[in-house]
Amino acid sequence: MITITMRNQDGHARTLHGEAGLSLMEVAVRNGIDGIEASCGGACSCATCMVYVDESWRARLVPRSEFEEDMLELAFEADETSRLACQIRLGPEHDGLVVTVPGEQT
Ligand code: FES
């Protein structure tokens, strides 16, 4: 199991446990995380699964694809720490990942 911390804008944090092979979005949705709408179901075409990745984790993730970059341009208040949770495929290397869910999505 991979342990993930998801914070909201109020600073409240939830600890989630996901299996390798799932996306971060799938783990969030399965755990009913508010703010992760994921309306396209993980097809990288809605930008409603955006999260802010904790600074200490940014360099440890696979870089954004060109497609993800394009979608993030449409996301509400995306910044350099933003990632689409559906594009982060979890593996053991993500154990301890910390992200923040925005208060609002596109
Ligand atoms: S779920 Fe739609 S872009 Fe991630």
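Report on the accompanying structure. (Residues numbered from 1 in each chain as written. Predicted model: local features only at pLDDT ≥ 70, side-chain atom pairs only at ≥ 80, totals over all residues. Heavy atoms only, no water.)

**Topic: the overall build of the protein**
Note the cut-off: Working definition: helices are DSSP H or I runs of at least four residues, strands are E runs of at least two. Numbering for both runs from the N terminus. Radius of gyration means the value over C-alpha atoms here, while the globule rule gives 2.2 Å times the residue count to the 0.38 power. Residue exposure (1.4 Å probe, protein chains only): buried if accessible area is under 20% of the type maximum, exposed if over 50%, otherwise partly exposed. Here, residues are in contact when the closest pair of their heavy atoms is within 4.5 Å. Under the convention used here, Asp and Glu are negative, Lys and Arg are positive, and both His and the chain ends fall outside the count. The atom standing in for a charge is NZ when the residue is Lys, CZ when it is Arg, CG when it is Asp and CD when it is Glu.
The number of helices and strands found in the protein is two helices and five strands. Counting from the amino terminus, helix and strand elements in the protein follow one another as β-β-α-β-α-β-β. In terms of overall dimensions, the protein is globule-like: its C-alpha atoms have a radius of gyration of 12 Å, near the 13 Å expected for 106 residues. With respect to the three principal axes, the spread of C-alpha positions in the protein is 30 × 30 × 25 Å. The buried share of the protein, reckoned over its 106 residues, is 43%. Put simply, of all contacts in the protein between residues at least 6 apart along the chain, 63% involve residues at least 24 apart. Within the protein, one finds 8 positive and 18 negative side-chain charges whose respective centroids are separated by 6 Å.

**Concerning the pairing of strand β2 (residues 13-18)**
The test is simple: Two strands form a pair only when DSSP identifies at least two bridges running between them.
Note: strand β1 (residues 2-7) against β2, six bridges, orientation antiparallel. Across the sheet, the residue bridging to T5 is T15, located in β2. Where β1 hands over to β2, the hairpin turn is made up of five residues, of which G11 adopts a positive phi near 90 degrees.

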